[in-house]
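One-letter residues, chain by chain:
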Amino acid sequence: MRGQANLLALVAALVALTTVSTVAVVVADGALEDATREPIERQGANALADRLVAADGPLAARENVLNETRVDDLDAEAVRALDAVSRDADVRVRVDGETVVQTGDVAGGTTVRRVALVVDRDPRSVTPGLDGRDRVTLPRRTPWVAVAIAPSAGEVETVRANGRVVLHDPDGLAAGEYRVNVSRRTTPALSFAGDDLATGAVELTYAPADSRKVVLEVTVDA
Amino acid sequence: MTNPTDPTDPAAPTAQTAPSAPTGAPALGRDDRALSTVVGKTLELGLLALFVGLLVSTFYGGVLPEYRASAANAVADRTTASVATELEAAVPSTGGVGVASDDGVQSVVVEQELDVPRTIRTDAYRLRLEAGSLVLDHPVDEFSRRVPLALPDSVARVEGEARSGETVVIVVESTADGLVVRLEGR
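Rules of the game
Residues numbered from 1 in each chain as written. Chains lettered and ligands numbered in written order. Predicted model: local features only at pLDDT ≥ 70, side-chain atom pairs only at ≥ 80, totals over all residues. Heavy atoms only, no water. Helix = DSSP H or I, 4+ residues; strand = E, 2+ residues; numbered from the N terminus. Rg over C-alpha atoms; globule rule 2.2 N^0.38 Å. Buried < 20%, exposed > 50% of the residue type's maximum accessible area, 1.4 Å probe, protein only. Contact = heavy atoms within 4.5 Å. Lys, Arg positive; Asp, Glu negative; His and termini not counted. Charge placed at Lys NZ, Arg CZ, Asp CG, Glu CD. Buried area = accessible area lost by both parts, 1.4 Å probe. Salt bridge = Lys/Arg side-chain N within 4 Å of Asp/Glu carboxyl O. Polar contact = N/O pair within 3.5 Å; in protein donor to acceptor, adjacent residues only side chain to side chain. Nonpolar A, V, L, I, M, F, W, Y, C, P; charged D, E, K, R; others polar. Core = buried A, V, L, I, M, F, W, Y, C linked by side-chain atoms within 4.5 Å. Pairing = 2+ DSSP bridges. Axes fitted to C-alpha atoms, helices over the stretch in contact; angles between N-to-C directions. Parallel < 35°, antiparallel > 145°, perpendicular 65-115°, else oblique.

## Digging into the overall build of chain A
From N to C terminus, chain A includes four helices and 14 strands. Relative to the compact-globule value of 17 Å for 222 residues, chain A shows a C-alpha radius of gyration of 33 Å, a clear excess of over 25%. The principal-axis extent of the C-alpha atoms belonging to chain A is close to 130 × 30 × 25 Å. For chain A, the proportion of its 222 residues judged to be buried stands at 39%. Put simply, of all contacts in chain A between residues at least 6 apart along the chain, 77% involve residues at least 24 apart. Charged side chains of chain A number 25 positive and 34 negative; the gap between the two group centres comes to 8 Å.

Below you can see the structure in the form of structure tokens.
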């Protein structure tokens, strides 16, 4: 073998080549592993979060505004009914860090977050004093006002909200409750016209919104 | 290469190449020196052929198909996810825009082209909408996918299918029953 010195060189070269290809394969393996995401899981989580805050979603009062009662009533069945993720995926919905719904055992998974407003409308009643004046300005904005007209005290002919006639009967409005939609962007000022109006002739119920900002977190573990 | 002063060197190939003719050994011993390079090159050639064969069989036998499969899996996942996202985004929100959804005045026509890979692992595939789900139908079952679509209640049904080579278009139309989401290939 004295004459085969370059055979050794060749073997050395081949060993080097093998090493390089092995390293290349390992690096490629790592790159492939690094590039592995869960796109379907993420898509499901995004879709579910979007449905939850959508204007026509099960929770929303309007876009990105959630109704607190509906948030409290949300259950696994309702989340499943949205059909946003496959049946065997586990889902957790959190509002401000507090788990509202969880199906199965969520470990890890993909989380998406949405900023939303949770609104709680708590109806309040007020009996405006109508002795010597005919206007009342409600303290808070509200989308609607329920005007309850008592059968006894006086006769209400016209009710105006911010100058616009919302209820009118020249013979006097019949006793009962009338629901009036008002702009929720201005403070409603109601004025009453009629005969012998006194305090207690009308009772107003309105629903001011108590809102808080929350982070809606949806985690999907497929 | 060969050292002429070394007596053992010419003797080694002689003993191998002509063991049956010991009488001609001294004569061949001198002429034999040229064989050393031939043997050397042949060995090198054999070694290289072995190496290349080993490398090719390793790569094509295991590493490459595995990589192609995992890449195809990832592409199938991403294609399905992006088509589903586009489908969900293509449906307009008809709630809470000031018009009641049942009075029949809203007419919606959406057409949106999608960019999808032509092939997944060199095979053409189909995208299909059925029963509220998006189905990616690949000849190899391992790369087929099905994801549910979260669509608003205003969507009455989803239908249609497209092949991967075509221009894939999402069409959303108003009908009497509600919105219809369709996949079309053009």
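## Thoughts on the side chain of Arg 51 of chain A
Here Arg 51 of chain A is to be found in helix α2 (residues 39-53). Under the relative-accessibility criterion, Arg 51 of chain A is labelled buried at 10%. Leave out the neighbours within four places in its chain, and Arg 51 of chain A touches Asp 56, Gly 57, Pro 58 and Leu 82 of chain A together with Ala 150, Leu 151 and Pro 152 of chain B.

## Concerning the interface of chain A and chain B
Listed by partner, the interface residues are 30 residues for chain A and 35 residues for chain B. Between chain A and chain B the total buried area reaches about 2,600 Å² when both faces are included, carbon and sulfur atoms providing 64% of it. Our count for the contact surface shared by chain A and chain B stands at zero salt bridges. Our count for the chain A to chain B interface comes out at four residue pairs in polar contact (both at pLDDT 80 or more). Counting residues per element, the ones that place at least two in the side of chain A that touches chain B are α1 (5-34) and α2 of chain A. Ranked by residues supplied to the side of chain A that touches chain B, first place goes to α1 of chain A with twelve residues. Within the side of chain A that touches chain B, the residues separate by chemical class into 16 nonpolar, eight polar and six charged.

## As for the nonpolar core
A general feature of soluble globular proteins is that nonpolar side chains tend to end up buried together. Counting residues in each nonpolar core, the largest one holds 31 residues, and the members touching the most others are Leu 127, Leu 134, Val 172 and Val 181 of chain B. Secondary-structure elements contributing two or more residues to this core are α3 (35-90), β1 (109-114), β2 (126-130), β3 (133-137), β5 (155-163), β6 (168-174) and β7 (179-185) of chain B. Among the elements that take part in this core, α3 of chain B stands out by supplying seven residues, more than any other. In this structure, Leu 66, Val 79, Val 95 and Val 118 of chain A belong to the second largest nonpolar core, which totals 27 residues.

## Quick look at the sheet that holds strand β10 (residues 164-168) of chain A
All names here are of chain A. If you walk across this open sheet you meet the four strands as β7-β12-β9-β10, and the pairing is antiparallel. The sheet terminates laterally at β7 (135-137) and β10, the two strands that pair on one side only. Strand-to-strand twist of the sheet, defined as the mean angle between neighbouring strand axes without regard to direction, takes the value 25 degrees. Sheet topology note: the strand β9 (residues 155-161)/strand β12 (residues 189-195) ladder contains six bridges and is antiparallel. Of the residues in β12, the one forming a bridge with Ala 161 is Leu 190.

## Here we look at the packing of α1 of chain A against α3 of chain B
Running from N to C, α1 of chain A and α3 of chain B point in directions that differ by 5 degrees, and their axes come no closer than 11 Å. Comparing the axis directions of α1 of chain A and α3 of chain B gives the class roughly parallel. In contact with Asn 6, Leu 7, Leu 10, Val 11, Leu 14, Leu 17, Thr 18, Ser 21, Val 25, Ala 28, Asp 29 and Leu 32 of chain A of α1 of chain A, α3 of chain B contributes Gly 40, Lys 41, Leu 43, Glu 44, Leu 47, Leu 48, Phe 51, Leu 55, Phe 59, Val 63, Tyr 67 and Ser 70 of chain B. Of the residues that constitute the contact of α1 of chain A with α3 of chain B, the class distribution is 16 nonpolar, five polar and three charged.

## Quick look at the pattern of salt bridges
Residue and element names in this part refer to chain B. A full pass over the atoms with the stated rule returns 19 salt bridges over all chains. Of the charged contacts in the structure, one is a salt bridge between Glu 44 and Lys 41, with a shortest N-O distance of 3.6 Å. Of the two residues, Glu 44 and Lys 41 both sit in helix α3, three residues apart, roughly one turn of that helix. Given a relative accessible area of 49%, Lys 41 falls into the partly exposed group. The salt bridge involving Arg 157 is made with Glu 159; its shortest N-O contact spans 3.1 Å.

Shape is all these values report; function is a separate question.
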